[in-house]
Amino acid sequence: MFDIYLTSILVVRILVSRKYVKDYRIEDRMGPKGRPISDSVYIGSYFAYANQEAALQAARRLPRLIADATLCTICAMLPACRYYRQLYTTIPMLLLLPALYLLWASVFRMKTAKAPFIREDKDKIAVRMQTGAAYLLVMSVITALCGAAYLIWGGAEGWDYACFGMELLRIVFAAVIFRLRKLPAMIELPKEEASN
């Protein structure tokens, strides 16, 4: 019963994400109790890291850098700070959250997926990493510019400067993440190599 449940979840997941539907074939077989069971079989391309050592380096360095950028984002929103009570500084800060999510999701998939990777893994590791890194850098710069505008024209006080310092520190982390974004790049494996 549990096998049928898992299979149906996988079939529904594949059909819902139509992007990868051509990478699977549905095969019917008879279950242990004589019931028909539908299995999904992956028939798409397989992928591997273009440079295994660089990918291992990225797997070691990127989680710490993303954690530092996340910590800078959290620390910049100190309750004592009037910095983020302004709409023009709060909105860019909130727009940073999707970038951090993309980066964390990419690192999590990088740590949990097994080689050879399927197309979905490639998209959720390499593509998300590149998109999230670029988005984080752009939004960090925009947030810092909005913060600089507040410091110049908004009447900043003590903690506001600390929050702005966190903004500048996050730009440094975002720039390093952006520089490392292509380390987990992947290449398509030939069919005979992927089947081994």
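Note that the structure is a prediction, hence the values are computed from the model and not measured.

**Student:** Just give me the short version of the pattern of salt bridges, but keep the residues and values in it.
**Tutor:** All told, the structure shown has 7 salt bridges when counted by the stated rule. R25 is the partner of E27 in a salt bridge, and the nearest nitrogen-oxygen pair spans 2.7 Å. In this structure E27 comes out as partly exposed when scored by relative accessible area, which is 34%. Assessed through its relative accessible area of 40%, R25 is described here as partly exposed.

**Student:** Before we move on, could you go through the packing of aromatic side chains and cite the residues and values that matter?
**Tutor:** Tallied over the entire structure, the rule returns 3 aromatic pairs. Note on Y24 and Y42: the rings are 5.3 Å apart at their centroids and 75 degrees apart in plane angle, and the pair reads as edge-to-face. Placement of Y24 in strand β1 (residues 24-30) and of Y42 in strand β2 (residues 36-42) is noted, with a sequence separation of 18 residues between them. A single burial state applies to Y24 and to Y42, both of which are buried. Ring centres of Y42 and Y46 lie 5.1 Å apart, and the angle between their planes is 70 degrees; on these two criteria the pair is classed as edge-to-face. Judged by its relative accessible area of 15%, Y42 falls in the buried class. Its relative accessible area of 24% is what places Y46 among the partly exposed residues. Note that K122 overlies the ring of F47, its terminal NZ or CZ placed 5.4 Å from the centroid. The ring of F178 has R181 sitting right over it, with the charged end atom 3.8 Å from the ring centre.

**Student:** A description of the packing of helix α2 (residues 52-76) against helix α4 (residues 97-112) should follow, citing residues and the corresponding values.
**Tutor:** With their axes 10 Å apart at the nearest point, α2 and α4 run at an angle of 150 degrees to one another. The angle between α2 and α4 places the two elements in the roughly antiparallel class. Both α2 and α4 take part in a crossing whose hand is left-handed. Contacts between α2 and α4 involve A55, A58, A59, L62, P63, I66, A67, A69, T70 and T73 from the first element and L100, L103, W104, V107, M110 and K111 from the second. Class assignment of the residues belonging to the contact of α2 with α4 gives a composition of 13 nonpolar, 2 polar and 1 charged.

**Student:** Could you give an account of the sheet that holds strand β5 (residues 186-188), naming the residues involved and the relevant values?
**Tutor:** If you trace the 3 strands from one edge of the open sheet to the other, you get β4-β3-β5, paired in antiparallel fashion. With one partner strand each, in any of the chains shown, β4 (117-118) and β5 form the two edges of the open sheet. The pairing of strand β3 (residues 46-49) with β4 spans 2 bridges and is classified as antiparallel. Among the inter-strand pairings, F47 is bridged to a residue of β4, identified as F117.

**Student:** Describe the pairing of β2, naming the residues involved and giving the relevant values.
**Tutor:** Two strands pair when backbone bridges link them, and β1 and β2 are joined in this way by 7 bridges, in the antiparallel orientation. Within β2, the position partnered with I26 by the bridge is S40. Taking the residues between adjacent antiparallel strands as the criterion, β1 and β2 are bridged by 5 residues, where G34 takes a positive phi near 85 degrees.

**Student:** An account of the nonpolar core is needed here, citing residue identities and associated values.
**Tutor:** Ranked by internal contacts, the top residues of the largest apolar core, which has 40 residues, are L62, Y83, L136 and I177. Elements supplying a minimum of two residues to this core: β3, α2, α4, α5 (119-153) and α6 (158-180).

**Student:** Residues and numbers for the environment of C72, please.
**Tutor:** Topologically, C72 is positioned in helix α2. For C72, a relative accessible area of 4% gives the class buried. In this structure the C-alpha to C-alpha distance between C72 and R170, which are 98 residues apart in sequence, comes to 5.9 Å. When neighbours within four sequence positions are excluded, C72 is seen to be in contact with M166, L169, R170 and F173.

**Student:** I'd like to hear about a nonpolar patch on the surface, residue by residue, with values.
**Tutor:** A contiguous nonpolar patch, built from L87, I91 and L95 and spanning about 280 Å² of accessible area, is present on the exposed surface. With respect to the helices and strands, the residue L87 is situated in helix α3 (residues 87-94).

Conventions adopted
- Here the residue numbering is sequential within each chain, running from 1 through the sequence in written order.
- Totals for whole chains, interfaces and linings use every residue, but because this is a predicted model, local features are given only for residues with pLDDT of at least 70 and side-chain atom pairs only at 80 or more, for both listing and counting.
- Side-chain measures were taken over the full set of non-hydrogen atoms in the model, leaving aside hydrogen atoms and water.
- Every case where a carboxyl oxygen of Asp or Glu lies within 4 Å of a side-chain nitrogen of Lys or Arg is listed as a salt bridge.
- Categorising residues by exposure relies on relative accessible area from a 1.4 Å probe, with only protein chains included: less than 20% of the type maximum marks a residue as buried, more than 50% marks it as exposed, and the intermediate range marks it as partly exposed.
- Each aromatic pair joins two rings of Phe, Tyr and Trp (for Trp, the six-membered one) with centres within 6.5 Å, and gets the label stacked for planes under 30 degrees apart, edge-to-face for over 60, and tilted for any other angle.
- Here a helix means four or more residues in a row that DSSP labels H or I, a strand means two or more in a row labelled E, and each is numbered from the N terminus.
- As a reminder, the over-ring test applies to NZ of lysine and CZ of arginine, requiring each to be within 6 Å of the ring centre and within 35 degrees of the ring normal.
- Structural elements are reduced to axes, namely lines fitted to C-alpha atoms, with helices fitted over the stretch in contact, and the angle between N-to-C directions of any two is expressed from 0 to 180 degrees.
- In what follows, roughly perpendicular refers to angles from 65 to 115 degrees, roughly parallel to angles under 35, roughly antiparallel to angles over 145, and oblique to any angle outside these ranges.
- Definitions for this section: a left-handed crossing has its near helix turned counterclockwise from the far helix by less than a right angle. A right-handed crossing has that turn clockwise.
- Any pair of residues with heavy atoms lying within 4.5 Å of one another is described as a contacting pair.
- Each residue gets one of three labels, nonpolar for Ala, Val, Leu, Ile, Met, Phe, Trp, Tyr, Cys and Pro, charged for Asp, Glu, Lys and Arg, and polar for the others, Gly among them.
- The pairing criterion is simple: DSSP has to find at least two bridges between the two strands.
- By nonpolar core is meant a set of buried Ala, Val, Leu, Ile, Met, Phe, Trp, Tyr and Cys residues that side-chain atoms within 4.5 Å join together.
- Note on patches: the residues involved have over 30% relative accessible area and no salt bridge, like charges join within 9 Å, and the nonpolar side chains Val, Leu, Ile, Met, Phe, Trp and Tyr join within 5 Å.
- Surface accessibility in these figures is a Shrake-Rupley result with a 1.4 Å probe; residues are shielded only by whichever protein chains are displayed.

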